[in-house]
Amino acid sequence: MNRALFPVVLALLAASSARAQESPAALASAELPSLVAMYKRLHASPELSTREAKTSAFVAKELAAAGYRVAYPFGDYRIPGRTAYGVVAVMKNGAGPTVLLRADMDALPVEEKTGLPYASAVRAKDLSGETVPVMHACGHDLHTTTLIGAARVLAKLKERWKGTLVLVAQPAEEFGDGAKAMLDGGLYAKFPKPDFLFALHDTPEQPAGQIGYKPGYALASIDTLELLVKGKGGHGAWPQNAKDPIVLAAQIVLALQTVVSREVPALEAAVLTVGSIHGGTRANLIPNEVRLQITLRTFKEELRTKLLAAIQRVANGQAASAGLPESMYPVLSRTEEPTPSTYNDPALMKRLLPVFASQIGAENVQETDAHMGGEDFSRYSLDHAIPSAMFWIGAVDPKTFAQAKETGAPLPPLHSSLFAPAPEAALRVSVPAMTAAALELLAGKR
């Protein structure tokens, strides 16, 4: 080697060594201004589930610029003509574990009313062709920004980890079929199968600066169902000549309320909600059918199976009491792909908690309750075969949170038109948290 190059090489080695000693928080802090600007850009330009073309291209470009090998659009909905706009980025760094970090990209058909200078004014066509407002009302813009920020920092810290990083920016989480599309597209066949899975989700139930965790079952499974209640139509003035499905549907709705209260053990959790009833056209016409739309939430698979059977049993019983023949019993069907419950591997959580405590202080790492909301991140674990963990990241400005707690005023929940994370404060924790978790899992220990 030319001796004149020695000082240059030594300087590069020294810079690399110094960077390797920097904390994830320090490196994330250096990225913060550009990440906040990125968050605001994503927030102002949301895209609906299955329509994330521009977001996907943006994320792919950012991850490629950070040094990752990127594939997009990726995934398969198994629906002709529908593109899955997933992004998969991989960085291999020698022998070691494979860790998958996941974020979601899609937004909701909600009209934003936050009044923020970067609020969304986007309107777009949904899958039915209807033009609707669009908003990041669940924080997926924060999740995506966090993933990119962690990707940047981890690329700069390659001296501190060995193994393979797989980063997934997922579409259509709000539909519950984005993770399935990624897996059906061959995620674990075309890219390294992970040894560990990790994700973060923002929450309005904690202030920015805190991390929440729940070992074991943390989020419920989701079954979205339709019950077709059959009858015999007729004139409203002569109901004795008809079999009224509206009365029968009302009886079924009331009877279903006893399923959870009388068939679920008191220390287990389940929700069965009839959220929609459609039937009839005029006051004096008895229709031939009524449709009920139902959501069922559970944690354990055995309870889920039991309650699905109970819904059909109760509906059949009410139909029989109304004098309908078995051929006219109600028909239960799915209207969406079911989402499995989210189970946080207790050993993995126990391993990561000290990592987060070292970043933000043990007092800011809080155990939370399980929620009956759902998340399709659960699919990546293949029925809990791969250890996975999803943590909560506080999203509310700490002063706003403290004031709400003092006055008892409710804070806007996820999916609200008023939901407005404090991006800088949240990213100051979420990026180093995701980075530190990956560093711990890529340290070679199992």
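Residues numbered from 1 in each chain as written. Predicted model: local features only at pLDDT ≥ 70, side-chain atom pairs only at ≥ 80, totals over all residues. Heavy atoms only, no water.

### Here's the deal with the sheet that holds strand E2 (residues 86–93)
- Read across the sheet, eight strands follow the order E1-E2-E6-E3-E7-E18-E8-E17 without closing on themselves; strand pairing throughout is mixed. The outermost strands of the open sheet, each flanked by one partner alone, are strand E1 (69–74) and strand E17 (365–367). Within the sheet, the average angular offset between the axes of one strand and its neighbour, ignoring direction, is 25°.
- By the bridge criterion, four bridges tie strand E3 (residues 98–104) to strand E7 (residues 196–207) in an arrangement that is parallel. Residue pairing for E7: Leu100 is matched across the bridge by Leu197.
- Lying over the sheet, helix H9 (residues 346–360) contacts E7, strand E8 (211–213), E17 and strand E18 (388–396), oriented at roughly 30° with respect to E18. (Pairing = 2+ DSSP bridges. Helix = DSSP H or I, 4+ residues; strand = E, 2+ residues; numbered from the N terminus. Axes fitted to C-alpha atoms, helices over the stretch in contact; angles between N-to-C directions. Contact = heavy atoms within 4.5 Å.)

### A closer look at the pattern of salt bridges
- One pass over the full model with this rule turns up 18 salt bridges.
- Arg78 is the salt-bridge partner of Asp76, the closest N and O atoms lying 3.7 Å from each other.
- The class of Asp76 is partly exposed, set by a relative accessible area of 31%.
- Among the salt bridges present, the one from Asp184 reaches Lys180, with a minimum N-O distance of 2.7 Å. Taken together, the residues Asp184 and Lys180, both in helix H5 (residues 178–184) and four residues apart, mark about one turn of the helix.
- Judged by its relative accessible area of 26%, Lys180 is partly exposed.
- When salt bridges that share partners are traced, they join Glu31, Glu62, Arg152 and Lys156 into one network. (Salt bridge = Lys/Arg side-chain N within 4 Å of Asp/Glu carboxyl O. Buried < 20%, exposed > 50% of the residue type's maximum accessible area, 1.4 Å probe, protein only.)

### What to know about the nonpolar core
- Judged by nonpolar contacts, the single largest core of 60 residues is most densely connected at Tyr68, Leu101, Leu165, Leu167, Phe198, Phe356 and Phe391.
- With 10 residues, helix H11 (residues 423–441) is the single largest residue contributor to this core.
- Look past the residues within four positions of Phe198 in its chain and what remains in contact with it is Leu100, Leu101, Arg102, Leu352, Phe356, Phe377, Ala389, Phe391, Ala433, Met434 and Ala437.
- Residues Ala270, Leu303, Ala310 and Val314 belong to the second largest nonpolar core, which totals 26 residues. (Core = buried A, V, L, I, M, F, W, Y, C linked by side-chain atoms within 4.5 Å.)

### Observations concerning empty space enclosed by the protein
- Throughout the structure, instances matching the rule amount to one cavity of 30 Å³ or more.
- As a volume, the largest cavity reaches approximately 60 Å³.
- Lining the largest cavity, in full, are Arg102, Ala103, Leu142, His143, Thr146, Leu200, His201, Asp202, Ile393, Ser430 and Met434.
- Only E3, helix H4 (140–156), E7 and H11 provide two or more residues apiece to the lining of the largest cavity. (1 Å grid on protein atoms, 1.4 Å probe; cavity = no way out; pocket = protein on both sides within 12 Å on 5 of 7 lines; lining within 4 Å. Points joined across faces, edges and corners; volume = space filled by probe spheres on them.)

### Side note on the environment of Gly96
- In this structure, Gly96 sits in the loop between E2 and E3.
- In this structure Gly96 comes out as partly exposed when scored by relative accessible area, which is 41%.
- Here the alpha-carbon distance between Gly96 and Asp195, two residues 99 residues apart in the chain, equals 9.8 Å.
- Each residue touching Gly96, except ones within four places of it in the same chain, is listed here: Lys162 and Gly163.

### What to know about the packing of helix H2 (residues 24–44) against H11
- It is the contact of H2 with H11, at a shortest axis distance of 9 Å, that shows an interaxial angle of 130°. The pairing of H2 with H11 is recorded here as oblique in orientation. As H2 runs across H11, the sense of the crossing is right-handed. Within the contact between the two elements, H2 uses Pro24, Ala25, Ala28, Ser29, Leu32, Leu35, Val36 and Tyr39 and H11 uses Pro423, Glu424, Leu427, Arg428, Val431, Pro432, Thr435 and Leu439.
- When its residues are assigned to classes, the contact of H2 with H11 shows 12 nonpolar, two polar and two charged. (Parallel < 35°, antiparallel > 145°, perpendicular 65-115°, else oblique. Left-handed = near helix turned anticlockwise from the far one by under 90°. Nonpolar A, V, L, I, M, F, W, Y, C, P; charged D, E, K, R; others polar.)

### Observations concerning the side chain of Ser49
- Along the chain, the position of Ser49 falls in the loop between H2 and helix H3 (53–65).
- A polar contact of 2.7 Å, which involves the side chain of Ser49, links it to the side chain of Asp106.
- Not counting the four nearest positions on each side in its chain, Ser49 is found in contact with Asp106, Ala107, Ala172, Glu174 and Phe175. (Polar contact = N/O pair within 3.5 Å; in protein donor to acceptor, adjacent residues only side chain to side chain.)

### Quick look at the side chain of Ser56
- With respect to the helices and strands, the residue Ser56 is situated in helix H3.
- Engagement of the side chain of Ser56 in a polar contact is seen with the backbone oxygen of Tyr85, the distance being 3.1 Å.
- If near-sequence neighbours (up to four positions away) are discounted, Ser56 is found in contact with Tyr72, Tyr85, Gly86, Val87 and Met105.

### Quick notes on the packing of H3 against H4
- Taken N-terminus to C-terminus, the directions of H3 and H4 make an angle of 15°; their axes are 9 Å apart at the nearest point. Here H3 lies roughly parallel to H4, going by the angle between them. Crossing angle aside, the handedness with which H3 passes H4 is right-handed. Across the interface between the two elements, Phe58, Val59, Glu62 and Leu63 of H3 pack against Thr144, Ile148, Ala151 and Arg152 of H4.
- Classifying every residue of the contact of H3 with H4 gives five nonpolar, one polar and two charged.

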